[in-house]
Amino acid sequence: VLEAVRQKGSALAWAAIPLQGDRELVLEAVRQDGNALCFAADPLKADRELVLEAVRQKGSALAWAAIPLQGDRELVLEAVRQDGNSLCFAADPLTADRELVLE
């Protein structure tokens, strides 16, 4: 499974449920495809370091982050730098942040 997610992060979708909760496996998957975060177990969607890796690879991965992380200014800034459209996944207060919007 590790080799599969290194080649195609979305292969995480076909991994057994316990493996979708394996931090190292999910980290490899999101490094290849940030949106593989959508297949991660919920506790990993709240793992700030893992979500940061995901949004650095694909800004739109912010959509799959736990709600509190969608309000994390640094994470949102990274996502917006990678893909400006990612701002639509940010918590409401951040969508009014002038610096983020101009990024």
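Whatever comes next refers back to the structure up there.
Notes on the structure in this doc start here. (Residues numbered from 1 in each chain as written. Predicted model: local features only at pLDDT ≥ 70, side-chain atom pairs only at ≥ 80, totals over all residues. Heavy atoms only, no water.)

Another aspect to go through is the overall build of the chain. A count of helical and extended segments in the chain gives eight helices and zero strands. Starting at the N terminus and ending at the C terminus, the chain contains elements arranged as α-α-α-α-α-α-α-α. Its C-alpha radius of gyration of 13 Å places the chain within 12% of the 13 Å reference for a compact globule of 103 residues. Taking all 103 residues of the chain together, the buried fraction comes to 43%. Expressed as a percentage of contacts within the chain between residues at least 6 apart in sequence, the contacts between residues at least 24 apart total 38%. For the chain, the computed accessible surface area is about 5500 Å², with 53% contributed by carbon and sulfur atoms. (Helix = DSSP H or I, 4+ residues; strand = E, 2+ residues; numbered from the N terminus. Rg over C-alpha atoms; globule rule 2.2 N^0.38 Å. Buried < 20%, exposed > 50% of the residue type's maximum accessible area, 1.4 Å probe, protein only. Contact = heavy atoms within 4.5 Å. Areas by Shrake-Rupley, 256 points an atom, 1.4 Å probe, with all protein chains shown as cover.)

Below, the discussion takes up helix 5 (residues 48–57). Along helix 5, the residues classified as buried are Leu-50, Val-51, Leu-52, Ala-54 and Val-55. Contacts made by the buried residues of helix 5 are with helix 3 (23–32), helix 4 (42–45) and helix 6 (73–82).

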